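An overview of the molecular structure
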Amino acid sequence: MDTGFLWETFLTLLGGLPLTLELAITSILAGSALALAISLLAVTGGAMGRTLTGAYVFIFRGSPLLVQMFLIYYGLGQFRHELQDLGVWGFFREPYWCAVLALTLNTAAYCSEIFRGGLQAVSIQEIEAARACGMSGVLLFRRIILPIAIRHALPAYGNEIILMLKATALASVITIMEVTGLAGKLIADSFRAFEIFIVAGAIYLAIIFVVTRMLMVVEFWLSPHMRMRLNGSVHV
């Protein structure tokens with residue numbers, strides 16, 4: 001192992017970290033918003049809502065993310081003139097936005113099922129208790145249903161966040177120079193794949209470590225009743 005080369009590689013790959021994080025954060029936020037809308041449609045939209053959301057989830061969960069990214073970036077390029085007429089060619093000609101769109105649509109399919117499960121996990125007793133206190137409509141959803149659903153969905157949602165952070169590596173196949181893209185360029189120049197991928201893997205491991213600790217803090221913050229129960233058992 002050449003420690004000097006490893007350090008130089010680390011500094012080079014670190015230059016792609018902001019783009020990696022930007023891809024992940026943008027896709028996760030946009031995908032979560034879309035997933036919440038899809039899950040609400042699946043729960044409250046009747047048979048038609050369940051059919052539409054089921055088809056969306058089946059398509060994007062049943063096909064590889066890499067294929068989706070190729071279809072959006074390379075496939076839609078065949079319809080350049082039509083997209084120009086619609087005024088959206090400026091969006092689809094940029095690899096960054098194509099990657100964001102593919103990641104967003106993919107994670108929305110998974111997160112919608114996670115959110116739907118969280119919403120359905122809210123017990124009818126909790127909803128009836130809130131109604132007995134005078135809550136209804138938006139207030140009931142905001143104060144009771146949504147917090148409880150988030151608490152139920154957070155472990156699975158945290159796993160999806162981690163998967164999406166790692167999935168940003170696929171953006172390198174459409175010429176985006178994030179961490180993995182820069183690693184591929186270094187390998188083409190030096191032919192030292194082993195050392196370069198070790199450094200790239202270490203960077204991803206560090207990101208995931210920070211994210212998992214942040215998720216643990218959020219889960220702890222959202223579970224005050226569990227902390228009270230734990231403190232009570234300790235005092236006993």
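Anything mentioned here points back to the structure above.
This one's a predicted model, so the numbers in the text were calculated from it and none came from an experiment.

In this structure, the largest pocket spans a volume of roughly 370 Å³. Along the walls of the largest pocket sit 15 residues, with Ile 25, Ile 28, Ile 161, Val 211 and Met 214 positioned nearest its centre. A per-element tally of the lining of the largest pocket places helix H11 (residues 193-221) first, with six residues. The class makeup of the residues in the lining of the largest pocket is 15 nonpolar, no polar and no charged. Every residue along the wall of the second largest pocket is listed here: Ser 32, Ala 33, Leu 36, Phe 115, Leu 119, Leu 146, Ala 149, Ile 150, Ala 153, Leu 154 and Tyr 157. Put simply, the parts of the chain that give the lining of the second largest pocket at least two residues each are helix H2 (17-44), helix H7 (95-120) and helix H9 (137-167). Ranked by residue count, the leading element in the lining of the second largest pocket is H9, at six residues.

Here we come to unusual backbone geometry. For Thr 175, which is not a glycine, the phi torsion comes out positive at approximately 75 degrees. Within the element layout of this structure, Thr 175 appears in the loop between H9 and helix H10 (179-190). On the basis of relative accessible area, Thr 175 is assigned to the exposed category, the value being 51%.

So, about the packing of aromatic side chains. Counted by the stated rule, this structure contains eight aromatic pairs. With centroids separated by 5.6 Å and ring planes inclined at 25 degrees, the aromatic side chains of Trp 7 and Phe 10 adopt a geometry described as stacked. Highlighted residues: Trp 7 and Phe 10, both in helix H1 (residues 3-14), separated by three residues, approximately one helical turn. Each ring, one from Tyr 96 and one from Trp 97, has its centre 5.0 Å from the other, and the planes form 80 degrees; the classification is edge-to-face. Judged by relative accessible area, which is 38%, Trp 97 ranks as partly exposed. Taking the ring centre of Phe 5 as reference, the NZ or CZ of Arg 192 above it sits at 4.0 Å.

Definitions and limits used
Residues numbered from 1 in each chain as written. Predicted model: local features only at pLDDT ≥ 70, side-chain atom pairs only at ≥ 80, totals over all residues. Heavy atoms only, no water. 1 Å grid on protein atoms, 1.4 Å probe; cavity = no way out; pocket = protein on both sides within 12 Å on 5 of 7 lines; lining within 4 Å. Points joined across faces, edges and corners; volume = space filled by probe spheres on them. Helix = DSSP H or I, 4+ residues; strand = E, 2+ residues; numbered from the N terminus. Nonpolar A, V, L, I, M, F, W, Y, C, P; charged D, E, K, R; others polar. Buried < 20%, exposed > 50% of the residue type's maximum accessible area, 1.4 Å probe, protein only. Phe/Tyr/Trp six-rings, centres within 6.5 Å; stacked < 30°, edge-to-face > 60°. Lys NZ or Arg CZ within 6 Å of the ring centre and 35° of its normal.

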